[in-house]
Amino acid sequence: MKQNPLLAAVAGTVSAAVALGVGELLSALGTPGQSLVGSVAGEVVDRTPGPIIHSAIEALGTNDKPVLLTIIVVVCLALGAAVGVLGHRRRRVIAPVFAVAALLGIGAGLHDPLTSRWVVVVAALGAAVAGTTTLQQPLRRIPGDELETSANAAGLTASERRSALNTAPTTAPTTAPITVPGVGTGNRRAFFALTGAVGVGAVALAAGGRALSNRSTGLTTGGSATPPPPLPEVPGVPSAPAGLTVDGISPIITPTAEFYRIDTAFTYPKVDLASWRLRISGLVDRPMEFSYEELVAMPQVNIPVTIACVSNNVGGELVGTAYWQGIPLATLLDAAGVQSAGTQIVGRSIDGFSAGFPTAAAHDGRTALLALGMNGEPLPLKHGFPARLIVEGLYGYVSATKWLRSIELADWDTVNGYWVPLGWSKEGPVKLQSRIDVPRSGESVMAGPTAIAGVAWAPGVGISRVEVRIDDGDWQTADLGPELTDATWRQWMLRWNATTGRHTLRVRATDSTGSVQTSDVAPVEPNGATGHHTRQVTVRA
Ligand SMILES: Nc1nc2c(c(=O)[nH]1)N[C@H]1C(S)=C(S)[C@@H](COP(=O)(O)O)O[C@H]1N2
Ligand SMILES: [Mo]
């Protein structure tokens, strides 16, 4: 019997899309923010060796998540196509294949700390049932079998038969119309009408699921629809000066919408404020729990701090400065009474991430906060709502736990944060760095007076000098912008009378202790990149 694999593959792809759509919708209906595809992505990341994940993050930057999610969806659709072809020959394989897919989805979902168990099970089984049933109908309507006999009867050659099958209904009438009884006009149109409608429905289901997931949480407020209570005004907060006026230079305070985002989460952990508690646990005399309201009612500070990711390449964008509002860690730790063995502060998140740093950092005078606010607003979901840690001078991977669940006091040697067993250093002080913002790379500069400008940072120490070198010239001292605090980056600018041709620009900073930024090139792994940011520019007459 002649089969029609192409149409069967189309039907299979559409049924996989339906399964995905139903899975996403049921997940979102069950728990805001939950996603089967997201859980599978998380599982893929967990099972992929750390160095591979890190090269992927480096190569893809913050596109890593959309790229992985897209790959997963495409793989599912391709598997659907295969099931369509197989299922066209043997209807019996369809249900078992979807069942196996559902079990894999359940496995990933149960492993995901953000999901609710029964929602995972219902969503995965619902997806399998929906996929199986949607595949049966179109397969029955594939006109292949009738074609074999009727096309022969019509005296068509093999290639004419193929074109009768493969020509889309919309284009068919414009080419030589082949009217074969039972093919093309009637059944083909019915087949494509059915699969098309079902495909559109699948996309609508998935889109509906995503929209529902985001809307029901208001994007900041976790499971409840009410916005979080406003954070108290903190008096006497220094406002940021305007800074240097150079087109394209990083502003002193990074707007929240432009702030870099790095984490292992595929769906934002969404927290129900009413039931969320922050625990202070481990090696403390008095383990404690705080509700969001209790934290909001405590005395707060609001302090600008530059934070950076250890994965920031020289010249990279994974660094930013914000006002962080919250409660000094020392206040909370003093209340709980840290035991002398509690030499490490481990932040644990509701999505299973953890980061640890020396307890001393909470007491040595640097800014070390349980942060509730960012740039005057409650933390946005993607930056850790309802609470996160911010520690001046430490890379995010050892300090800045978002979606915080507990602050655990531990022995330095017995507990390791998430990235440490994956090959990253246990201690992660932010390295002295500087970056050229303008001229932008690839930008063509007009000859004459122009500006070379950017930012430099040494959180906890402060920047005292920035120098720029053009080609093989001398290091020239740049003008520094206002220093907000020594925890924040500092803008710099060098006036340059640009001459035509290709030039290499290079920058280095000196911190307030007199250390000069090294030219030694180190990769981001295991504890942060070093080297001078350089940029090639072409100056035109
Ligand atoms: N829960 C959680 N918190 C996390 C991470 C994470 O993967 N999960 N990544 C950390 C890292 S590596 C960095 S650099 C900072 C980034 O904070 P941001 O996304 O607000 O810029 O968050 C930290 N906090
Ligand atoms: Mo990071």
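This one's a predicted model, so the numbers in the text were calculated from it and none came from an experiment.

Draft legend 1. Representation of empty space enclosed by the protein in the model. Under the counting rule described, the total for this entry stands at 3 cavities of 30 Å³ or more. There is about 340 Å³ of room inside the largest cavity. Contributing to the lining of the largest cavity are 25 residues, with I262, D263, F353, G396 and Y397 lying nearest its centre. Broken down by secondary-structure element, the contributors of at least two residues to the lining of the largest cavity are α3 (50-60) and α12 (396-399).

Draft legend 2. Broad picture of the sheet that holds strand β16 (residues 479-480). The strand order across the open sheet built from 4 strands is β11-β13-β17-β16, with neighbouring strands paired in antiparallel fashion. One side of each edge strand has no neighbouring strand; the edge strands of this open sheet are β11 (433-438) and β16. For β11 and strand β13 (residues 448-457), the ladder comprises 5 bridges, and the chain directions are antiparallel. Residue pairing in the sheet places S434 in a bridge with A456 of β13.

Draft legend 3. Up close: the packing of aromatic side chains. As enumerated under the stated definition, the model contains 9 aromatic pairs in all. Taken together, a centroid distance of 5.8 Å and an interplanar angle of 85° make the contact between F259 and W324 edge-to-face. Within this pair, whereas F259 is found in the loop between α9 (186-215) and β1 (277-282), its partner W324 is found in strand β4 (residues 319-328), the two being separated by 65 residues in sequence. With a relative accessible area of 0%, W324 lands in the buried category.

Draft legend 4. Representation of the nonpolar core within the structure. Counting residues in hydrophobic clusters, the biggest one holds 74 residues, and the most contacted among them are L295, W324, L370 and I407. Among the elements that make up this core, the one with the highest residue count is strand β7 (residues 368-374) (6 residues). Dropping the residues within four chain positions of it, L370 is found in contact with L278, L295, Q325, G326, I327, L329, L332, A387, R388, L389, L404 and I407. Grouped together as the second largest cluster of nonpolar side chains are 20 residues, L432, V466, I470 and W492 included.

Draft legend 5. Structural detail: the UniProt feature "transmembrane region" (unreviewed entry) in the protein chain. Under the local residue numbering, the UniProt record ascribes the feature "transmembrane region" (unreviewed entry) to residues 67-86, 93-111, 117-135 and 190-209. Secondary structure within residues 93-111 divides into 95% helix and 0% strand; the distance between the first and last C-alpha atoms comes to 27 Å. Spanning residues 117-135, this segment combines 100% helix with 0% strand, and its end C-alpha atoms are found 27 Å apart.

Draft legend 6. Structural view of the packing of helix α1 (residues 5-30) against helix α4 (residues 64-89). Across the interface, α1 lies against α4 with an axial gap of 6 Å and an inter-helix angle of 130°. Of the possible angle classes, the one that applies to α1 and α4 is oblique. Of the two possible hands of crossing, α1 and α4 adopt the one that is right-handed. Contact with α1, carried on its side by P5, A8, A9, G12, T13, A16, A17 and L20, involves V73, C76, L77, G80, A81, G84, V85 and H88 of α4 and no other residues of that element. When grouped by side-chain class, the residues that make up the contact of α1 with α4 number 11 nonpolar, 5 polar and no charged.

Quick notes on the rules
- Residues numbered from 1 in each chain as written.
- Chains lettered and ligands numbered in written order.
- Predicted model: local features only at pLDDT ≥ 70, side-chain atom pairs only at ≥ 80, totals over all residues.
- Heavy atoms only, no water.
- 1 Å grid on protein atoms, 1.4 Å probe; cavity = no way out; pocket = protein on both sides within 12 Å on 5 of 7 lines; lining within 4 Å.
- Points joined across faces, edges and corners; volume = space filled by probe spheres on them.
- Helix = DSSP H or I, 4+ residues; strand = E, 2+ residues; numbered from the N terminus.
- Pairing = 2+ DSSP bridges.
- Phe/Tyr/Trp six-rings, centres within 6.5 Å; stacked < 30°, edge-to-face > 60°.
- Buried < 20%, exposed > 50% of the residue type's maximum accessible area, 1.4 Å probe, protein only.
- Core = buried A, V, L, I, M, F, W, Y, C linked by side-chain atoms within 4.5 Å.
- Contact = heavy atoms within 4.5 Å.
- UniProt positions renumbered as here; feature names shortened; annotations may be inferred.
- Axes fitted to C-alpha atoms, helices over the stretch in contact; angles between N-to-C directions.
- Parallel < 35°, antiparallel > 145°, perpendicular 65-115°, else oblique.
- Left-handed = near helix turned anticlockwise from the far one by under 90°.
- Nonpolar A, V, L, I, M, F, W, Y, C, P; charged D, E, K, R; others polar.

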